[in-house]
Amino acid sequence: MRVFLGITGASGAPYAQRLLHALVEAGCEVGLTVSGAGIQVLATELYDDPRLPRDEVLRRLVGDAGDQVAVYGEGDFSSPFASGSAKVDAYVICPCSMATVGTLASGAMQNLIHRAASVAIKERRKLVLVPRETPLSSIHLRGLATLNEAGAVILFAAPGFYHGAKTIDDLVDFVVARCLDHLGIDNELISRWGTT
Ligand SMILES: Cc1cc2nc3c(=O)[nH]c(=O)nc-3n(C[C@H](O)[C@H](O)[C@H](O)COP(=O)(O)O)c2cc1C
């Protein structure tokens, strides 16, 4: 499968890291774009250094999965993911900031992440958004409703606690497993309700 992963500047870097590597482990070819704010949040939440340069953040994030992960800059509209003519199976923005939700809901496209999501919507392809914000304003809620009506799956970064979670990794896996489910990727990251 060919999947686009956009990482924006909402809290939730561990979800993005886990999802990227789960996609790679599932054999996906991944196109990856991280917004400027996304880099700052990854650097803060994963590497404990908000000032870590972009290239170093991406080097650490991708690790040894470089064969399957193509990194595109925020402004790289020559990337295949900027066009509906490229064959892409699914798109996911994880985590998805409210700034990006607002931009997408308005139909604006300021970077490749917005453009890729907008392509997914217009081509009626699978698009999963993983927002993280609390509380939500009526502006956020309207934006999310608009995107849901346009076909996006709104999959909040809101882990359940009913599958025996004992660690933060278990909670991260819960959200990532639901994401993979909606992207159409088989996974056994968590035990399924009713099967144990
Ligand atoms: C450490 C940190 C955490 C943030 N957490 C959130 C968040 O959880 N949700 C959110 O919507 N914005 C959050 N923001 C604000 C966004 O990064 C900001 O609105 C930015 O403009 C988003 O741009 P982007 O969507 O292009 O990445 C956070 C910013 C920082 C620096």
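Heads up: the structure comes first, above all this text.
Residues numbered from 1 in each chain as written. Predicted model: local features only at pLDDT ≥ 70, side-chain atom pairs only at ≥ 80, totals over all residues. Heavy atoms only, no water.

Enquirer: Quick one: what's the story with the pattern of salt bridges, residue by residue and with numbers?
Expert: A complete count under the given rule lists 8 salt bridges for this structure. Across the pair glutamate 56 and arginine 60 runs a salt bridge, and its minimum N-O distance is 2.8 Å. Highlighted residues: glutamate 56 and arginine 60, both in helix H3 (residues 54–62), separated by 4 residues, approximately one helical turn. Judged by relative accessible area, arginine 60 falls into the partly exposed class, the value being 37%. Connected via shared salt-bridge partners are Glu56, Arg59 and Arg60. (Salt bridge = Lys/Arg side-chain N within 4 Å of Asp/Glu carboxyl O. Helix = DSSP H or I, 4+ residues; strand = E, 2+ residues; numbered from the N terminus. Buried < 20%, exposed > 50% of the residue type's maximum accessible area, 1.4 Å probe, protein only.)

Enquirer: Break down the packing of helix H4 (residues 98–106) against helix H6 (residues 138–149) for me, with residues and values.
Expert: At a minimum axis distance of 9 Å, the contact between H4 and H6 shows a crossing angle of 55 degrees. With respect to their mutual orientation, H4 and H6 come out oblique. The two elements H4 and H6 meet at a crossing, and its hand is left-handed. Of H6, the residues touching H4 (which contributes Met98, Val101, Leu104 and Ala105) are His140, Gly143, Leu144, Thr146 and Leu147. (Axes fitted to C-alpha atoms, helices over the stretch in contact; angles between N-to-C directions. Parallel < 35°, antiparallel > 145°, perpendicular 65-115°, else oblique. Left-handed = near helix turned anticlockwise from the far one by under 90°. Contact = heavy atoms within 4.5 Å.)

Enquirer: Help me get a handle on unusual backbone geometry, residues and values and all.
Expert: Between cysteine 94 and proline 95 the backbone carries a cis peptide bond, its omega angle lying at -10 degrees. Cis geometry marks the peptide bond from threonine 134 to proline 135; its omega dihedral reads -5 degrees. By secondary structure assignment, the location of proline 135 is in the loop between strand E5 (126–131) and H6. The residue aspartate 48 is not glycine, and still its phi comes out positive at about 60 degrees. Looking at the element boundaries, aspartate 48 is found in the loop between helix H2 (36–45) and H3. The exposure class of aspartate 48 is exposed, given its relative accessible area of 70%. Positive phi is not limited to glycine here, since arginine 124 has a value of about 55 degrees. Tracing the sequence through the fold places arginine 124 in the loop between helix H5 (112–122) and E5. Look at arginine 124 and you get exposed, because its relative accessible area is 76%.

Enquirer: Outline the sheet that holds strand E2 (residues 29–34), supporting the account with residue identities and numerical values.
Expert: Working definition: the strands of a sheet are paired by backbone hydrogen bonds and lie parallel or antiparallel to each other. Here we have 6 strands laid out as an open sheet, ordered E3-E2-E1-E4-E5-E6, and parallel in their pairing. Only two strands of the sheet have a single neighbouring strand rather than two, namely strand E3 (69–71) and strand E6 (153–154). Direction of pairing for E2 relative to E3: parallel, over a ladder of 3 bridges. Directly across from leucine 32, in E3, lies its bridge partner valine 71. Lying over the sheet, H4 contacts strand E4 (90–96) and E5, oriented at roughly 135 degrees with respect to E4. (Pairing = 2+ DSSP bridges.)

Function cannot be inferred from these measures alone, as they are strictly geometric.
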